[in-house]
Amino acid sequence: LKLAAAAAYAVNGSTDPQINGSASILHDSGFNLTGAYGQRDIDGSTRDPVFWYAKVGYIMKGDGRSTAFSIDYASAEDVETLGDEFTSYGLAVVQKFDKIGTEFYLGVRNHELDRVGENFDDILAVLGGVRIKF
């Protein structure tokens, strides 16, 4: 197993302390998990934003190449306005060719924001591209 983790504590000026952290684990089989959490305590406000994120993935390795698949979900509350509820979920695939230092990627993500008194349309984003390392 490979494990990577990080944690942080920050203070915005002299107020509003914030904590956050994340951890990822990769099994030799290619199965992997990632999680993250964050929270801010806004002084003098009932709005204390919080978020969390989770991802499940799998990496298939071949001769000089690999293909990675993932699905993830994120949730946040009270980030901009008290009562805000944000969710985002997505799928991604990355095809990597080691011999030519190139990766092809494609992702699809949906974003939803619920706010009292507002009516926002969901945003569906599709992102694709190529990354060449040299």
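In every chain, residue numbers begin from 1 and rise along the written sequence. Reporting of local features is limited, given that this is a predicted model, to residues whose pLDDT is at least 70; pairs of side-chain atoms are given and counted only at 80 or more, and all residues count toward the totals for whole chains, interfaces and linings. Values reported for side chains reflect all heavy atoms of the structure, with hydrogen atoms and water molecules removed beforehand.

A. Focus on the overall build of the chain. Going along the chain from the N terminus, every DSSP run of H or I of four or more residues is numbered as a helix, and every run of E of two or more is numbered as a strand. Counting its secondary structure elements, the chain contains zero helices and eight strands. Mapped from its N terminus to its C terminus, the chain presents α and β elements in the order β-β-β-β-β-β-β-β. In terms of overall dimensions, the chain is more spread out than a globule: its C-alpha atoms have a radius of gyration of 18 Å, far above the 14 Å expected for 134 residues. For the chain, the spread of C-alpha atoms along the principal axes amounts to about 60 × 35 × 30 Å. Considering the chain as a whole, with its 134 residues, one finds that 19% of them fall into the buried category. Should any heavy atoms of two residues lie within 4.5 Å, those residues are considered in contact. The long-range fraction of contacts in the chain, counting pairs at least 24 apart against all pairs at least 6 apart in sequence, stands at 36%. Asp and Glu are treated as the negative residues and Lys and Arg as the positive ones, with His and the ends of the chain left uncounted. Every charge is mapped to an atom, namely NZ of Lys, CZ of Arg, CG of Asp or CD of Glu. One finds the centroid of the 12 positive side-chain charges in the chain at a distance of 16 Å from the centroid of its 19 negative side-chain charges. Throughout, radius of gyration means the C-alpha value; the globule benchmark is 2.2 Å times the number of residues raised to the power 0.38. Think of it in three bands: residues with accessible area under 20% of the maximum for their type are buried, residues over 50% are exposed, and the middle band is partly exposed, with areas taken using a 1.4 Å probe on protein chains only.

B. Examining the sheet that holds strand E1 (residues 2-12) more closely. Following DSSP output, two strands are said to pair if at least two bridges run between them. Pairing is antiparallel in the open sheet, where eight strands are placed in the order E1-E2-E3-E4-E5-E6-E7-E8. Looking along the sheet, the strands with just one partner apiece sit at the ends: E1 and strand E8 (123-132). Direction aside, the axes of adjacent strands within the sheet are offset by 10° on average. Strand direction decides the pairing type here: E1 and strand E2 (residues 15-26), joined by 11 bridges, are antiparallel. Following the sheet pairing, Val11 is matched in E2 by Pro17. Angles shown run from 0 to 180 degrees and are taken between the N-to-C directions of axes, each axis being a line fitted to C-alpha atoms and, for helices, limited to the stretch in contact.

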